[in-house]
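# What the coordinates show
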Amino acid sequence: MAFKKMINSKKLLAFLAVFMLSGTNLLMAQTVTTDATAKPGVNWLGVGFYILLFLVAAVVIAIIGKILKVYDLSQQIKGKKGIHWNTIMGVICLIFLVVGMYGAYWDITVQGSMTLPEAASKHGVRIDAMFLTTTIITLIVFVITQILLFTFLFRYRHSDKRRAYFLPHNNTIEKVWTIIPAIVLTVLVIFGFFTWQDVENSSDIKGQPASLNIDITGHQFAWELRYPGPDGKLGKKDFRLSAGSNKLGIDFKDINSMDDLQADTLVLPVNKTIRLNIFAQDVIHSVYMPHFRVQQNAVPGLPTFFKFTPTITTEEMRRKVDDPKFEYLLYCNKICGSGHYNMQKVVRVVTQDEYNQWVAKLKPYLTPALRTELKLASADQNKSITQNRLALNN
Amino acid sequence: MSTLAVQDHGVAHHEEGHEHHHDTFLTKYVFSQDHKMIAKQFLITGITMAVIAMLLSILFRIQLAYPDKTFPLLETLLGRFAPEGRLDPEFYLSLVTIHGTIMVFFVLTAGLSGTFSNLLIPLQVGARDMASPFINMLSYWFFLTACVIMLSSFFVQKGPAGPGWTIYPPLSALPQAMKGSGLGMTLWLISMVCFVASSLMGGINYVSTVLNMRTNGMDLWKMPLTIWAFFLTAILGVLSFPVLVAGVVLLIFDRSFGTSFYLSDIVVNGQVMPFEGGSPILFQHLFWFLGHPEVYIVIMPAMGISSEVMSVNSRKPIFGYHAMVYSLIGITVLSFIVWGHHMFITGMNPFLGGVFMITTLIIAVPSAVKTFNWLATLWRGNIRFTPAMLFAVGMVSFFISGGLTGIFLGNAALDINLHDTYFVVAHFHLVMGSAAIFGMLAGVYHWFPKMFGRLMDEKLGYLHFWLTFIGAYLVFFPMHFMGLDGVPRRYYAFTEFASMQRWLSVNMFITWAAIMSACAQVAFLYNFIHSIFWGKEATQNPWQANTLEWTTPVERIHGNWPGEIPSVYRWPYDYSKPGAEEDFIPQTTPLSETMSSNVPHDFEDNPAGLEALSKWSSTQKANEEVK
Ligand code: HEM
Ligand SMILES: [Cu+2]
Ligand SMILES: [Cu+2]
């Protein structure tokens, strides 16, 4: 009887195969016609096809299920045991282990090589070293535990002849596997803690050359940059002053503001310490520069900083990754609204000479137009007079 | 017998009502106060919400896989949310937000704890019902209200809340900032307040039931690990959920009454706002003070269920029962002092970050202990592959894979580059999402007979397990590498970045794996619904388990046990004890009936018993010598 059913279902299967093929044909035809029309309507045929495909799969599964049931019953009638599901599952566990481990290996080698290139900043190198250590430790644990899990499942699958080994506890081994992870984690924590403290330290140590201060301000959905002028200092800001062309709310009463420069690209001199001062105007954004292992949230009302030293120029990195169009990027990494997915700035690391040339061409924030707008002083007035006046006001 | 002495007046009242009690449809199925029915209500609501959240995820996965294709069908289905057949960027964020919220809170908190704490606490500690059946009923109705409000936000003009499930202000506080911060957000907040009310009512009930209503002999160290897990989960919830409410209420104030708790120095669309002196970081502290315990609220019941299921189906005691309990307690305590690891790079004081990093990595130790103990439980077991067992094992596998990436993220220095990337998405979907769902499914397959008196189909269970298990790994494993390439989460499309284009094919693969896993859930839904009505009828103790719930009759009566509540004499894990006749000894079997299998360990704090045992074994020896 089971046999007969199987033949029947084979016919069914053949029929289904034919049906699926013709369905695919139909679908192809459909895509062609929809391409021709200007505004595509709903491709109901395609939708229907997928639904049918699903139903077919369901029917096939139902048939297989029935066959299995009938086979099981017929075995039982013959006085045999039926399908050994425990054995089958045990074997599948083993297969899953082997295939899964290979898959993980494949993924780690193939997709693992698609990840970020080497760190382009001083502290980034340390982070990468720690990443490598952590990866090695966790991979070892991953492989061992998963192998144990699935081989135990196979090895100790059910058998009527055997009884499980009554083992409620074993204090020694439990202590061992409490203490070993504790030690490993302690080591990781200690290294991590000190690295973290160093990386996050954003104040300049006395005696060392001052770092280059750059302001970056996030708003929906772009970044604004502010470079210090010849005085090397950035002026004060106050959000209440944001109006008209003074989008950033720069306080031009502060003399340091007068020569602050605006820029479109974040250009950084190589091997020089940079201190990014990070602001946000509306909602939280996040300055993310993965190639430099830099990330810091931009929070309205809470200025944040990140100090780092780029070590590889864009040119060099292009050679290293073998991509002449490669650019370092800065992008937003904290959900901030509809344009969150496209809030980027190009970052270019250049030599000091190139940097100097570039900086020389930048325009100040205090454009003549802004000057008139703020009624600071008429545009034709001499700059030194303005400065004098401001100095007096101070 | 002193069994009755344990019972309080609530039970007496119940027994009176037993004879002339006529349940109408309304009191039996809708406004039920019976914990088993409430458990089923939670389960079915939870499954419904899970299906909805899963469909939402498929929608946004389609967007990620085909960012520049149009799907006219989407416009037909979603209308203004998918103009021209492409998801609107803001609606994409709303989908992500609601998906996360539903999954974390409605499915894995209420659906999981609500179902199994309600079902199992009275049954496994030997009580006739919860401490307060009425509050228990209210808990469900608040939960359902929360669900309805949350879903209703799909029908408001600007769509549901969109700032992510973590709803960080100012984005969530400023309706000008995004559509999803309008009415949708208000509904989200109201829904969450109802939800927390429900959680608290449930939690208080679970705690007091476990503490006060255990049957005779059921001391704390005789409780199954499921009960320990539900108990500690409830404590965690009771202590941390109120903080979320505080955070939410302040956010409501900021949104609607012009206060500045979280807002300061804001210029939106060129317009200077009057807020001053608030701190967005404050919200994050309040949120994660709940948020981190929340992830353990999600995983601990799954751990408890898996421990129980694995012990029963390996026919072996859980290895290191005490260590399992202490590690649960350790996790409970520690989970209150690690919340800052979600905020390493938010501008929180870096020194504080360092401290949180230390506490965070400490919490990995009890997690590791649990994992090793599960492995040791399988070792030399006699493993029966029921679907429940497979799901429990799958939970362990996911917990390992996802827990290990926690060690990267917990390291503040590494988190600089990993925060908010797909690496985090991979981490928590494995360790929390997949692991907890698998724990929940293990529970559903295992205790289905206790809920519906029938068995689910095993073969379909196998199919469901393998497709889902493989599917989940295919979906989440590749995400690690996207994260390591600096691909951020919550991006509507990766088309704007030349460097991210190469992940498009991976995204496509992930989406198809997700669709396959979603289809596999149909096998479960069919199995679940079909088995409720037409499944094979269950026997009283279908899995040969030791715990008390299997001493109740198959036809789930009000009050659980027809006669007296049985007393408990031993721990719940006497499986395959040498010298015993069968490979399991229920908790209700007195040690005096199993002299041949008793071991000194059974009498750890019972000197009289130990003496009896040594006397018995010496006479036994003498007898043998005589022979
Ligand atoms: C081994 C122990 C674990 C450690 C050390 C750990 C560490 C972390 C850290 C540091 C983060 C923040 C990552 C970031 O946003 O940059 C994180 C995120 C997360 N973890 Fe874990 N974790 C562990 C286990 C767990 C468990 C057991 C769960 C849940 C059951 C869980 C659920 C989550 C969730 C949901 C998030 C993401 C929240 C969000 O940003 O949306 N983790 N984990
Ligand atoms: Cu953003
Ligand atoms: Cu956490």
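Residues numbered from 1 in each chain as written. Chains lettered and ligands numbered in written order. Predicted model: local features only at pLDDT ≥ 70, side-chain atom pairs only at ≥ 80, totals over all residues. Heavy atoms only, no water.

Time to look at the interface of chain B and chain A. The interface of chain B with chain A comprises 129 residues on the first partner and 105 residues on the second. Taken together, the two surfaces of chain B and chain A that pack against each other cover about 10200 Å², and 71% of this comes from carbon and sulfur. Where chain B meets chain A, there are two salt bridges. Here A:Arg240 makes a salt bridge to B:Glu276, at a shortest N to O gap of 2.8 Å. Where chain B packs against chain A, one counts 38 residue pairs in polar contact (both at pLDDT 80 or more). By residue class, the composition of the side of chain B that touches chain A is 81 nonpolar, 26 polar and 22 charged. (Contact = heavy atoms within 4.5 Å. Buried area = accessible area lost by both parts, 1.4 Å probe. Salt bridge = Lys/Arg side-chain N within 4 Å of Asp/Glu carboxyl O. Polar contact = N/O pair within 3.5 Å; in protein donor to acceptor, adjacent residues only side chain to side chain. Nonpolar A, V, L, I, M, F, W, Y, C, P; charged D, E, K, R; others polar.)

This paragraph deals with the coordination of the iron atom of ligand 1. If you check the protein contacts of the iron atom of ligand 1, you find one donor only, B:His427 (NE2), at 2.2 Å. Its place among the elements puts B:His427 in helix 14 (residues 422-452). (Donors = N, O, S within 2.8 Å, 3.2 Å for Na, K, Ca; no water. Helix = DSSP H or I, 4+ residues; strand = E, 2+ residues; numbered from the N terminus.)

Glancing now at the site of ligand 1. Residue and element names in this part refer to chain B. Around ligand 1, a shell composed of 22 residues is seen, among which Trp165, Asp415, His419, His427 and Arg489 lie nearest. In this structure, an oxygen atom belonging to ligand 1 sits 2.9 Å away from a side-chain N or O atom of Trp165. His427 is positioned such that a nitrogen or oxygen atom in its side chain is 2.9 Å from a nitrogen atom of ligand 1. Sorting the residues of the shell around ligand 1 by element identifies helix 9 (280-314), helix 11 (350-378), helix 12 (387-409) and helix 14 as the ones contributing at least two each. When residues in the shell around ligand 1 are grouped by element, the largest group, five residues, is from helix 14. Partitioning the shell around ligand 1 into residue classes produces twelve nonpolar, eight polar and two charged. (Near = heavy atom within 4 Å.)

Let us look at the coordination of the copper ion (ligand 2). Angles between donor atoms at a metal ideally measure 109.5 degrees for a four-coordinate tetrahedral arrangement and either 90 or 180 degrees for a six-coordinate octahedral one. All names here are of chain A. Protein coordination at the copper ion (ligand 2): the donors are Cys332 (SG), Lys334 (O), Cys336 (SG) and His340 (ND1), at 2.1 to 2.6 Å from the metal. Metal-centred angles of 88 to 130° between the four donor atoms at the copper ion (ligand 2) mark the site as tetrahedral. Motif for the copper ion (ligand 2), donor spacing along one chain: C-x1-K-x1-C-x3-H. Note on accessibility: Cys336 and His340 belong to one class, buried. (Tetrahedral: all angles 85-135°; square planar, octahedral: opposite > 155°, others 65-115°. Buried < 20%, exposed > 50% of the residue type's maximum accessible area, 1.4 Å probe, protein only.)

When you line up the elements, B:Asn373 lands in helix 11. Look at B:Asn373 and you get buried, because its relative accessible area is 0%. A polar contact of 3.2 Å, which involves the side chain of B:Asn373, links it to the side chain of A:Trp177. If we ignore the near neighbours within four places in the chain, the residues touching B:Asn373 are A:Glu174, A:Trp177, B:Phe319, B:Gly320, B:Ala323 and B:Met324.

A word on the nonpolar core. Among the nonpolar cores identified, the biggest contains 286 residues, and A:Tyr227, A:Met289 and B:Phe106 are the most heavily contacted of them. At 21 residues, helix 5 (residues 89-125) of chain B tops the list of elements feeding residues into this core. Setting aside residues no more than four positions away along its own chain, B:Phe106 makes contact with B:Gly46, B:Met49, B:Thr101, B:Gly111, B:Phe143, B:Ala146, B:Cys147, B:Met150, B:Ser191, B:Met192 and B:Phe195. Ranked by size, the runner-up nonpolar core spans seven residues in total, among them A:Leu248, A:Ile250, A:Met258 and A:Tyr365. (Core = buried A, V, L, I, M, F, W, Y, C linked by side-chain atoms within 4.5 Å.)

What follows concerns the pattern of salt bridges. Between side chains of opposite charge, a pair can form as their charged atoms come close. Enumeration according to the criterion identifies 19 salt bridges over all chains in this entry. A:Glu118 is the partner of A:Lys320 in a salt bridge, and the nearest nitrogen-oxygen pair spans 3.3 Å. On the criterion of sequence distance, the pair formed by A:Lys320 in helix 6 (residues 314-321) and A:Glu118 in the loop between helix 3 (85-110) and helix 4 (122-155) is long-range, its members being 202 residues apart. On the accessibility criterion, A:Lys320 (47% relative accessible area) is partly exposed. Put simply, B:Asp88 and B:Lys179 hold a salt bridge, and the shortest N to O gap is 3.6 Å. Taken together, the residues B:Asp88 in the loop between helix 4 (72-78) and helix 5 and B:Lys179 in the loop between helix 6 (133-152) and helix 7 (183-212) connect sequence positions 91 residues apart. Residue classification places B:Lys179 among the partly exposed positions, given a relative accessible area of 37%.

Next up on the list: empty space enclosed by the protein. All names here are of chain B. Here the structure, examined in full by the defined rule, presents six cavities of 30 Å³ or more. Of the volumes computed, that of the largest cavity is approximately 1100 Å³. Lining the largest cavity are 45 residues, with Ser57, His99, Met103, His429 and Phe476 positioned closest to its centre. Contributions of two or more residues to the lining of the largest cavity are made by helix 3 (35-65), helix 5, helix 14, helix 15 (458-484) and helix 16 (504-534). Roughly 160 Å³ of internal volume is contained in the second largest cavity. As for the second largest cavity, its lining consists of 19 residues, and the residues nearest its centre are Thr109, Ser113, Ser199, Gly203 and Tyr206. The greatest single-element share of the lining of the second largest cavity, amounting to six residues, is contributed by helix 8 (residues 225-256). (1 Å grid on protein atoms, 1.4 Å probe; cavity = no way out; pocket = protein on both sides within 12 Å on 5 of 7 lines; lining within 4 Å. Points joined across faces, edges and corners; volume = space filled by probe spheres on them.)

All names here are of chain A. In space, the five strands of this open sheet follow the order 4-10-9-6-7, with mixed pairing throughout. Every interior strand has two partners, whereas the edge strands, strand 4 (266-269) and strand 7 (294-298), have only one. Adjacent strand axes in the sheet meet at a mean angle of 20° when their direction is disregarded. As defined by bridge partners, strand 6 (residues 285-289) adjoins strand 9 (residues 328-332) across two bridges and the pair is classed as antiparallel. Counted as the bridge partner of Val287 is Cys332 from strand 9. (Pairing = 2+ DSSP bridges. Axes fitted to C-alpha atoms, helices over the stretch in contact; angles between N-to-C directions.)

Applying the stated criterion across every chain yields a total of 85 aromatic pairs over all chains. Summarising the aromatic geometry, the rings of B:Phe391 and B:Phe465 are spaced 5.2 Å apart at their centres and angled 85° between planes, so their arrangement reads as edge-to-face. You can see B:Phe391 sitting in helix 12 and its partner B:Phe465 sitting in helix 15, a full 74 residues away along the chain. Accessibility assignment for this pair places B:Phe391 and B:Phe465 in one class, buried. Ring centres of B:Tyr491 and B:Phe494 lie 6.3 Å apart, and the angle between their planes is 40°; this geometry places the pair in the tilted category. The burial state of B:Tyr491 is the same as that of B:Phe494; both residues are buried. Over the face of the ring belonging to A:Phe279 we find A:Lys237, whose NZ or CZ atom lies 4.0 Å from the ring centre. Against the face of B:Trp379 rests B:Arg380, its NZ or CZ located 5.5 Å from the ring centre. (Phe/Tyr/Trp six-rings, centres within 6.5 Å; stacked < 30°, edge-to-face > 60°. Lys NZ or Arg CZ within 6 Å of the ring centre and 35° of its normal.)

Residue and element names in this part refer to chain B. Its domain assignment divides chain B into domain 1 (37-537) and domain 2 (548-626). Here the C-alpha centre of domain 2 lies 39 Å away from the C-alpha centre of domain 1. Here domain 1 meets domain 2 over a buried area of about 2400 Å², counting both sides, of which 54% is carbon and sulfur. The largest per-residue losses of area from domain 1 upon contact with domain 2 belong to Arg128, Arg315 and Lys450, which jointly make up 31% of the total buried on that side. Remark: the boundary between domain 1 and domain 2 carries one salt bridge. Arg315 is the salt-bridge partner of Asp583, the closest N and O atoms lying 3.0 Å from each other. On inspection of domain 1 and its partner domain 2, the count reaches 17 residue pairs in polar contact (both at pLDDT 80 or more). In terms of residues, the side of domain 1 that touches domain 2 owes the most to one element, helix 14, which gives six residues. When its residues are assigned to classes, the side of domain 1 that touches domain 2 shows 18 nonpolar, eight polar and seven charged. (Domains from an automatic or database assignment.)

Residues and elements named next belong to chain A. Most of strand 1 (residues 212-219) sits out of view: seven of its eight residues are buried. Sheet topology places strand 1 next to strand 5 (residues 274-280); seven bridges connect them, and they run parallel. Looking at the pairing, Thr217 lines up with Phe279 of strand 5. Hairpin connection, strand 1 to strand 2 (residues 222-227): the antiparallel pair is bridged by two residues.

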